Amino acid sequence: MENRRRLWLKQIGLGIAGIGLANVKSYASPVMSEDFFDNLENHNNLIFLRSNENPYGPSPLARKAFVDNANISNRYNWDVATQLISDLAKRDSVKEENILLGAGSTEILDLVAKFVSLDKGNYVIADPSYDYWTVTLDNFGLTKNKVLLTTDKKINLQAMLEVVNQDTKLVYICNPNNPTGTICEREALVEFVTKISQNTIVLIDEAYLDFTKQQSLSNIVNDHNNIIITKTFSKMYGLAGARIGYAIANKTIIDNLDNLQSNTNNSVSVLSKLAAIASLKDDKFVSNCYLLNENVRQYTINELKKLNCECISSNTNFIYFSLAKYNKDYFKQLENNNIQGGRIYEEQGKWTRITVGKMSEMKKFIKAIQ
Ligand SMILES: Cc1ncc(COP(=O)(O)O)c(C=O)c1O
């Protein structure tokens, strides 16, 4: 029994290492022993530069919302979803009926995949792009049409347009693109969407748009039949573990997606929704994170260039760079220094991605690979 408990503690320790639990301790049941919490802390001093999380977040207001509202977790509290949807509708200049909440934008991407797969055909996606979620499309039998990026690692809208045909059910645009950090010009994107959304769903993933000054495409969802925008609180708002994201689309599409979601708008916990509501009020936190990210990103790019690593100009909280001229074993250097980094996305040119952490973390990262 004791062995099983130890194994379990080890597993969750590995899974959530690094999470600061100071506040939780004071709320916990007295029967929890100290070693329970010790196992949750980041004993290995790992540096997380792999998943594009916000190293500073959640915002102080979101943290307060979690702690202040822990005692109402016994209630379903459906009204909280209504409040959050109303706040989001104001922020994104749409109506409440244009929004659907999900457990991270991943749940929304999944719903879109299921919806699109009701009808067979193909889908179009840039390569490389954020494609973990497309496994659902593949499993439901849709054909994947990958479209290479331009040589400067931008999404090639023209080439995508050329492969769209009458069987294309979905075109996915990650803007800015993960892993490359490049962005499509808004006007070009609007033109693209206008051309194809008559017959094909266009899914615009704006997970990283908060790191740019570009305006969301949310204001055009009601002008076109088939546009879906996904957004998340996981990146700029620092709520990756709280799992909260949402879709913006016209009412018909939202209704179709919500038919596939058994607990409409309520797969996200009340606490996460309250934290999201609080985060939306913390403009200061967002602008601080924005500036810190820009500053640390620039430092990192400058240092990577000194190491002969070509870098793609980034519009996000990560950097896409080439290891082609880097002469050490990059991944070994990371491992030796307890740094979780990315992987190779394109063999040709050995392109990899690193998340922009705090300045202190990026200094350790640069030192590790020097
Ligand atoms: C482009 C993009 N979209 C969506 C997601 C999913 O994020 P979440 O489910 O945490 O909202 C990620 C996560 O890394 C991402 O990079």
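Conventions and cut-offs
Residues numbered from 1 in each chain as written. Predicted model: local features only at pLDDT ≥ 70, side-chain atom pairs only at ≥ 80, totals over all residues. Heavy atoms only, no water. Helix = DSSP H or I, 4+ residues; strand = E, 2+ residues; numbered from the N terminus. Contact = heavy atoms within 4.5 Å. Near = heavy atom within 4 Å. Polar contact = N/O pair within 3.5 Å; in protein donor to acceptor, adjacent residues only side chain to side chain. Areas by Shrake-Rupley, 256 points an atom, 1.4 Å probe, with all protein chains shown as cover. Nonpolar A, V, L, I, M, F, W, Y, C, P; charged D, E, K, R; others polar. Buried < 20%, exposed > 50% of the residue type's maximum accessible area, 1.4 Å probe, protein only. Pairing = 2+ DSSP bridges.

**Student:** Looking at this structure, how should I read the side chain of Lys 153?
**Tutor:** Along the chain, the position of Lys 153 falls in the loop between strand S4 (143-148) and helix H8 (157-163). With residues up to four places along the chain from it excluded, the contact list for Lys 153 reads Thr 180, Thr 182, Ile 312, Tyr 320, Glu 346 and Trp 351.

**Student:** Any chance you could explain the site of the ligand here in plain terms?
**Tutor:** Taken together, the neighbourhood of the ligand is formed by 14 residues, with Thr 106, Asp 205, Tyr 208, Thr 232 and Ser 234 sitting nearest. Within the side chain of Asp 205, an N or O atom sits 2.6 Å from a nitrogen atom of the ligand. Between Lys 235 and the ligand, the recorded distance is 2.8 Å, taken from a side-chain N or O atom to an oxygen atom. In isolation the ligand offers 400 Å² of accessible surface; the protein chains occlude 92% of this area. In terms of residue count, helix H6 (residues 104-117) provides more of the shell around the ligand than any other element does, four residues in total. Tallied by class, the residues present in the shell around the ligand amount to five nonpolar, six polar and three charged.

**Student:** Whenever I open this one, the pairing of strand S9 (residues 318-322) confuses me. Can you help?
**Tutor:** It is a general feature of regular strands that their side chains alternate between the two faces of the sheet. Where burial is concerned, most of S9 is hidden: five out of the five residues are buried. Of the two faces of S9, both are covered, the one formed by Phe 318, Tyr 320 and Ser 322 as well as the one formed by Ile 319 and Phe 321. Strand direction decides the pairing type here: S9 and strand S12 (residues 351-355), joined by five bridges, are antiparallel. Looking at the pairing, Phe 321 lines up with Thr 352 of S12.

**Student:** What am I meant to see in helix H11 (residues 270-280) here?
**Tutor:** For an α-helix the count is 3.6 residues per turn, leaving residues at separations of three or four pointing the same way. Taken across its eleven residues, H11 has eleven buried, putting it largely inside the fold. For H11, the complete set of buried residues consists of Val 270, Leu 271, Ser 272, Lys 273, Leu 274, Ala 275, Ala 276, Ile 277, Ala 278, Ser 279 and Leu 280. Those residues of H11 that are buried are in contact with helix H4 (60-69), helix H5 (79-91), strand S2 (99-102) and helix H12 (283-306).

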